[in-house]
Amino acid sequence: MINSSRADKATEYFKSGYNCAQAVAMAFSDLLDMDEKTAARLTSGFGGGVGRLREVCGSVLGMTFVMSALYGYDNTSDYEAKKRIYAEIQSLANKFKEENGSLVCRELLGLSPMSAPSPAPEKRTEEFYKKRPCAELVYISARNLEEYINAHPYN
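Residues numbered from 1 in each chain as written. Predicted model: local features only at pLDDT ≥ 70, side-chain atom pairs only at ≥ 80, totals over all residues. Heavy atoms only, no water.

Here we take up the layout of surface pockets. Space inside the largest pocket adds up to approximately 440 Å³. Lining the largest pocket we find 25 residues, and of these Asn19, Gly47, Gly48, Pro121 and Arg124 sit closest to its centre. The set of elements that each furnish at least two residues to the lining of the largest pocket consists of helix 4 (58-71), helix 6 (105-108) and helix 8 (134-151). Estimates place the volume of the second largest pocket at around 160 Å³. Along its surface, the second largest pocket is lined by Leu70, Tyr71, Ala81, Arg84, Ile85, Glu88, Tyr148, Pro153, Tyr154 and Asn155. (1 Å grid on protein atoms, 1.4 Å probe; cavity = no way out; pocket = protein on both sides within 12 Å on 5 of 7 lines; lining within 4 Å. Points joined across faces, edges and corners; volume = space filled by probe spheres on them. Helix = DSSP H or I, 4+ residues; strand = E, 2+ residues; numbered from the N terminus.)

Next comes the structure, spelled out in structure tokens:
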């Protein structure tokens, strides 16, 4: 993975079996002063649109996790910091939505809104990767996040 973009790394993590949120978070773990294992654990429940409920796309949640770690606030009286992180996350989420038509996992996958989600993840087979846009969605989230970080240094 040396000399590849973080978006490429995220895609590789996804294709190696990590969920969409884990893949994005792990690609940026070094910026968070966090090892990959910790990033994977902390985002393990976000995959499949949160616990495979098919709500907000896990790659967007992974992006939100990284944004929060890098740019988030920890002082509850700092209204401006809270407003700023929400605005930046909305901006990145809206960019993702413009590119993909939705933020919602089930919509991105073309699933019926009436289908009851199962907690059992699908086996990662060649067919899985052919029928699911997830690897591309992971790439897009990580690419957009990388572009944002490059344009907005953090402390």
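Mapped onto the elements of the fold, serine 29 is located in the loop between helix 2 (20-27) and helix 3 (36-42). For serine 29, the side chain forms a polar contact with the main-chain oxygen of methionine 26, separated by 3.1 Å. If we skip the residues at most four places from it in the chain, serine 29 touches Met34, Asp35, Glu36 and Ala39. (Polar contact = N/O pair within 3.5 Å; in protein donor to acceptor, adjacent residues only side chain to side chain. Contact = heavy atoms within 4.5 Å.)

This paragraph deals with helix 4. The end-to-end C-alpha distance of helix 4 is 19 Å, a good match for the 20 Å that 14 residues give at a rise of 1.5 Å each. Burial within helix 4 is extensive, with 11 of its 14 residues counted as buried. Within helix 4, the full set of buried residues consists of Gly58, Ser59, Val60, Leu61, Gly62, Met63, Phe65, Val66, Met67, Leu70 and Tyr71. Buried residues along helix 4 sit in contact with helix 2, helix 3, helix 5 (79-100) and helix 8. (Expected span 1.5 Å × (residues − 1). Buried < 20%, exposed > 50% of the residue type's maximum accessible area, 1.4 Å probe, protein only.)

For the rest of this paragraph, the subject is the side chain of asparagine 144. Along the chain, asparagine 144 falls in helix 8. Take asparagine 144: its relative accessible area is 2%, and that puts it in the buried class. A distance of 2.8 Å separates the side chain of asparagine 144 from the side chain of glutamate 99, its partner in a polar contact. Each residue touching asparagine 144, except ones within four places of it in the same chain, is listed here: Leu92, Lys95, Phe96 and Glu99.

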